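Each chain, letter by letter, is given below.
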Amino acid sequence: MTILLALILAVQQPAQVALDNVTVIDIATGIRASGSTVLITGNRITAVGPSAGVTIPPGARRVDGRGGFVIPGLWDMHVHLSMTGRSALALFLASGVTGVRDMGGDFSRVGPWRDSVARGLVTGPRILTAGPIVERGNWLRAVKDISRRLNQPNLIAEVDRRLGLDSVSDGQRVVDSLAKLGVDFIKIRNFPPAPVYFAFARAARSRGLRISGHSPFMSMVGPASDSGFATFEHSFLDVQNEALVGGFDALSPADRAALFGRLARNGSSFDPTLVATRSRFVPDSTITQMIADTGGTIHRGLRYASPAVREDWREQLALREADTPADWNPIYQSTLRDVKEMAAAGGLILSGTDVPVVTLIPGYSLLDELELLVKDGGLTPLAALVSSTINPAKVLGLADSLGLVKPGYVADLIVLDRDPTLDISAVRALSVVIRNGRLLNRNELDRLREEGRK
């Protein structure tokens, strides 16, 4: 073989990585296989098995993972990238978040980031995006008036990007415009009247686009699920005596069980974003201190809140005076009950954060969410991990290639120093991230974290 031919063959050969002597956790069953080797060729897992039985090819990058636990990469299923800025992509990876679902914003920015990451031109998590958010038309007009009154030009620009639903005929027009942009799914916040929504839902089904978003009020939850609504975001809410309350507080346990069973049969999932609700408990004075705390004095994660994130927090703080008054403590308790009961009914629970809601930091806050799902939401550590791996893959139609450590699957993986099925806080003990086959060690993750501050 000539030297030139050898060089050509070497270039054509996909890179290989071997995670050796690791414990592989099957997230579907909780079974741990110690003394295992995971072989990755290109961006795919090509072998998983006992180290004695997996041949590591010459030239493969071998990582001694003794003492490490391998699980699929995590998903944050509710983020707003155009508000966090591009630097957040590095922060997500540095926390083991290898996939994010962008729940709406400036598609002219997020769309190119999505495509650049997919082509390997930008280092970041896998991105699926909704593009412009769909809203009830009269709500959009009211918020725009408030934004002008409060002199919030960024919010005015965001409201102008959103798409309003006022009439039955609007549904097809809105869906067609989103499909033309190339969005991955559709996000709706404020539901229009039922006939308008169902016309919109029919149009979305005709274009093969699933709808996710904020929950409608109680009477519409079941019918919306029947229409193919994919994921309900945040808390289920209703209005009583002109105040927001838990949406299902008035239902008996049996009626709630029937409704959650209906949602589960329809394949509608629940993304409670507990950290976002918890952020409402933080006093404005503390938020002001957190915005100024670039050194991480209040908590270490604040070192990595970028200027873009801090600016968004300032704008949110200014808008708090326009918030609908609510007692969020009982709403939070209702949401925790809903998590437990929906999980018991067989529904899929998802892990999401809503970054950059005030106090929330890309990547860091997803780990907080997993801890809250266990500590407050009553999930087992394994169920919390499922909410961030297998369930997102199912909801996004990617279950044949993501969410498991299995031959043939895409190599989006993380290696932890402790067993997260015994203690969910072990997700913070991150040593290696593999994103689409590319290995990032601790030094590279630290570098990404520093990049994310900018």
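Our structure's up above, just so we're on the same page.
Quick summary incoming for the structure in this document.

Examining the pattern of salt bridges
Applying the stated criterion across every chain, the model contains 32 salt bridges. A salt bridge links Asp419 to Arg32; the nearest nitrogen and oxygen atoms lie 2.5 Å apart. Here the residue Asp419 occupies a position in the loop between strand S17 (413-416) and strand S18 (430-435), and Arg32 occupies one in strand S2 (residues 32-41), the gap between them amounting to 387 residues. Accessibility expressed as a relative area gives 10% for Asp419, which makes it buried. Between Asp376 and Lys375 there is a salt bridge; the shortest N-O distance is 3.5 Å. Judged by its relative accessible area of 16%, Asp376 falls in the buried class. Through salt bridges that share partners, Asp106, Glu135, Glu158, Arg161, Arg162 and Arg189 make up one connected network.

A word on the sheet that holds strand S6 (residues 74-79)
The strand order across the open sheet formed by three strands is S6-S7-S8, and the pairing between neighbours is parallel. Either end of the sheet is taken by a strand with one partner, and the two such strands are S6 and strand S8 (126-129). Pairs of neighbouring strands in the sheet enclose a mean axial angle of 15 degrees, with direction left out of account. Pairing of S6 with strand S7 (residues 97-102) involves four bridges; the strand directions are parallel. Counterpart to Asp76 in the pairing with S7 is Val100. Taken strand by strand, helix H4 (residues 107-118) contacts S7 and S8, and its axis lies near 145 degrees from that of S8. This element, helix H15 (residues 364-375), spans S6 and S7 of the sheet and lies at about 100 degrees to S6.

Regarding the packing of helix H12 (residues 284-292) against helix H13 (residues 307-319)
Their axes nearest at 10 Å, the elements H12 and H13 cross at an angle of 160 degrees. When the axis of H12 is compared with that of H13, the two are roughly antiparallel. Classified by chirality, the crossing of H13 by H12 is left-handed. In contact with Asp284, Ile287, Thr288, Met290, Ile291 and Ala292 of H12, H13 contributes Arg310, Trp313, Arg314 and Leu317.

Focus on the packing of aromatic side chains
One pass over the full model with this rule turns up 12 aromatic pairs. Ring plane angle 45 degrees and centroid distance 5.4 Å describe the contact between Phe232 and Phe236, whose orientation is recorded as tilted. Taking relative accessible area as the criterion, Phe232 reaches 0% and is therefore assigned buried. Ring pairing ties together the aromatic residues Phe191, Tyr197, Phe198, Phe200, Phe229, Phe232, Phe236, Phe248, Phe260 and Phe270, which thus form one cluster. One cation-aromatic arrangement involves Arg101 over Phe185; the distance from NZ or CZ to the ring centre is 5.7 Å. Geometry around Tyr304 places Arg449 over its ring, the cationic atom sitting 5.7 Å from the centre.

What counts as what
Residues numbered from 1 in each chain as written. Predicted model: local features only at pLDDT ≥ 70, side-chain atom pairs only at ≥ 80, totals over all residues. Heavy atoms only, no water. Salt bridge = Lys/Arg side-chain N within 4 Å of Asp/Glu carboxyl O. Helix = DSSP H or I, 4+ residues; strand = E, 2+ residues; numbered from the N terminus. Buried < 20%, exposed > 50% of the residue type's maximum accessible area, 1.4 Å probe, protein only. Pairing = 2+ DSSP bridges. Axes fitted to C-alpha atoms, helices over the stretch in contact; angles between N-to-C directions. Contact = heavy atoms within 4.5 Å. Parallel < 35°, antiparallel > 145°, perpendicular 65-115°, else oblique. Left-handed = near helix turned anticlockwise from the far one by under 90°. Phe/Tyr/Trp six-rings, centres within 6.5 Å; stacked < 30°, edge-to-face > 60°. Lys NZ or Arg CZ within 6 Å of the ring centre and 35° of its normal.

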